[in-house]
Amino acid sequence: MEILILAFYSIMLLYAAAIGSLIYGFVRLSAFELYDTNPTTRFSILIPIRNEAENLPQLLSSLSALNYPATLFEVLFIDDDSSDTSLVLLQNTKMPFDFQVLPNQRKSGSPKKDAITTGIPIAQNEWIITTDADCTFPREWLLSFDNYIRKHHPEMVAGPVTYDCRYSFSDHFQQLDFMSLQGATMGSFGLHEAFLCNGANFAYTQKLFYALNGFEGNDRIASGDDVFLLQKAVASHSETVHYLKCKAAVVHTMPLQDWKSIFHQRIRWASKTTSYNSLFEKLLAVVVLAGNLTFLGIFVAAAAGFSIVHLAILLALKIAIDWVLILKTQHFITGSRPRFLIASSLFYPVFNTLVGCYSLFGSYQWKGRSFK
């Protein structure tokens, strides 16, 4: 039992150190404020779509309300074989900005990477921003990117994303899980070890995309249009890869509404982890998985007579360090306090362990398609 206690404490202290480093990176990453309302940067916004008729009205309304000159941006919708009324809706909607609808040119095992690769040669502007059809944007979204680009001269900029939650446990569980990822993203940028970003709010120059040979080398993997491109850029152009820690840049999306979809989405996210090139990310992934397994192991050991004092200390250590990262991230991104925090903290290690194990061997469904 003493060896087991030592092992539990060692793993949990290592876990706390790993999450603590991300918290330090998050604090170290400077927030950005708008300073100029006269933009000059031209953007091409790329939006892959597949059966998005339900989401397109909110998306188009949000794009139309942007506080940005319509002459300085265009929108390219890349349709990936939609079978609903998405195309009809786009064709019959008048918008105050230039837009095109392009058919996706499928060449790889990743529909979304193909969509972006299809859109970039057609884009009229040097700066590309990718996002998703189920997103909405603050009015100063493009303005915040313009200000940051003109002040810091990057070639790639990642931005924050959040969920618009209702009142259900599943919504807020997804939000807390997502906040941990957003916190890890900002923390890794603050440590100069960037390995995560979100394709719903991701900008880069065409010049950099072609210099990196686009998605070459990872196009067989269905997901990862964002993180693989980021990691390639960090490997060769690290000084020009930045994070826009700005409240005016936060993109909003909706949480999924059933647990099967949530599970498959997380498998999709986790399935690309083994292909990451970042040593920092791989070590972090191992430590996080070990921490979650230890969390579960503590309860098993408690049933076999493990000291309640050690149980309380270990549980408090893990939950406390997780809460600091999540609370800091959510406070910055949404300005609100999370709901169902205790319930989510207890459920998360079980859910995360199942996702991590299943992603190594199973398949998942996304947008009506199955992927390994």
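Check the entry above for the structure.
Criteria and thresholds
- Residues numbered from 1 in each chain as written.
- Predicted model: local features only at pLDDT ≥ 70, side-chain atom pairs only at ≥ 80, totals over all residues.
- Heavy atoms only, no water.
- Helix = DSSP H or I, 4+ residues; strand = E, 2+ residues; numbered from the N terminus.
- Rg over C-alpha atoms; globule rule 2.2 N^0.38 Å.
- Buried < 20%, exposed > 50% of the residue type's maximum accessible area, 1.4 Å probe, protein only.
- Areas by Shrake-Rupley, 256 points an atom, 1.4 Å probe, with all protein chains shown as cover.
- Lys, Arg positive; Asp, Glu negative; His and termini not counted.
- Charge placed at Lys NZ, Arg CZ, Asp CG, Glu CD.
- Axes fitted to C-alpha atoms, helices over the stretch in contact; angles between N-to-C directions.
- Parallel < 35°, antiparallel > 145°, perpendicular 65-115°, else oblique.
- Left-handed = near helix turned anticlockwise from the far one by under 90°.
- Nonpolar A, V, L, I, M, F, W, Y, C, P; charged D, E, K, R; others polar.
- Pairing = 2+ DSSP bridges.
- Disulfide = S-S within 2.5 Å.
- Contact = heavy atoms within 4.5 Å.

## Examining the overall build of the protein
Helix and strand counts for the protein stand at twelve helices and twelve strands. For 372 residues, the compact-globule estimate of 2.2 N^0.38 gives 21 Å, and the protein sits close to it at 21 Å. In terms of its C-alpha atoms, the protein occupies a principal-axis envelope of roughly 70 × 45 × 40 Å. Residues classed as buried in the protein amount to 55% of the 372 residues present. If you sum the accessible surface of the protein, you get close to 16600 Å²; carbon and sulfur atoms cover 59% of it. In the protein, the 29 positive side-chain charges and the 30 negative ones have mean positions that sit 2 Å from each other.

## With respect to unusual backbone geometry
Unlike most non-glycine residues, N51 shows phi in positive territory, near 55 degrees. For H192, which is not glycine, the phi torsion reads 60 degrees and is therefore positive. As for its placement among the helices and strands, H192 is situated in the loop between α6 (169-190) and β8 (202-205). Given the relative accessible area of 62%, H192 is considered exposed.

## Observations concerning the packing of helix α1 (residues 2-28) against helix α11 (residues 308-333)
Where α1 contacts α11, the two axes come as close as 10 Å, and the packing angle between them is 15 degrees. Taken together, the axes of α1 and α11 lie roughly parallel to each other. With respect to the hand of their crossing, α1 and α11 are arranged in left-handed fashion. Residues of the contact of α1 with α11, tallied by class, amount to 19 nonpolar, three polar and three charged.

## Side note on the sheet that holds strand β4 (residues 127-130)
Read from one edge of the open sheet, seven strands run β3-β2-β1-β4-β8-β6-β9, paired in mixed fashion. What marks the edges here is a single partner per strand, and that holds for β3 (98-103) and β9 (241-243). For this sheet, the mean angle separating the axes of adjacent strands, direction not counted, is 20 degrees. Pairing analysis gives four bridges linking β4 to β8, with the strands arranged antiparallel.

## Comments concerning the sheet that holds strand β10 (residues 251-253)
The three strands are arranged β5-β10-β7 in an open sheet whose pairing can be described as mixed. Since the sheet does not close on itself, it has two edges, and those belong to β5 (135-136) and β7 (161-163), each with one partner. Pairing between β5 and β10: two bridges, direction antiparallel. For C135, the partnering residue across the bridge sits in β10 and is T253.

## Remarks on the state of the cysteines
Tallied over the entire structure, the rule returns zero disulfides. In this structure C165 is a free cysteine whose sulfur lies 14 Å from that of C135, the closest cysteine sulfur available. Just so you know, C246 is unpaired, no disulfide at all, and the nearest cysteine sulfur is the one on C135, 17 Å from it.

## Quick notes on the side chain of T294
Its place among the elements puts T294 in helix α10 (residues 279-303). Owing to a relative accessible area of 4%, T294 belongs among the buried residues under this scheme. With near-sequence residues (within four places) excluded, T294 lies in contact with F8, I11 and M12.

Keep in mind these numbers describe shape, not what the thing actually does.
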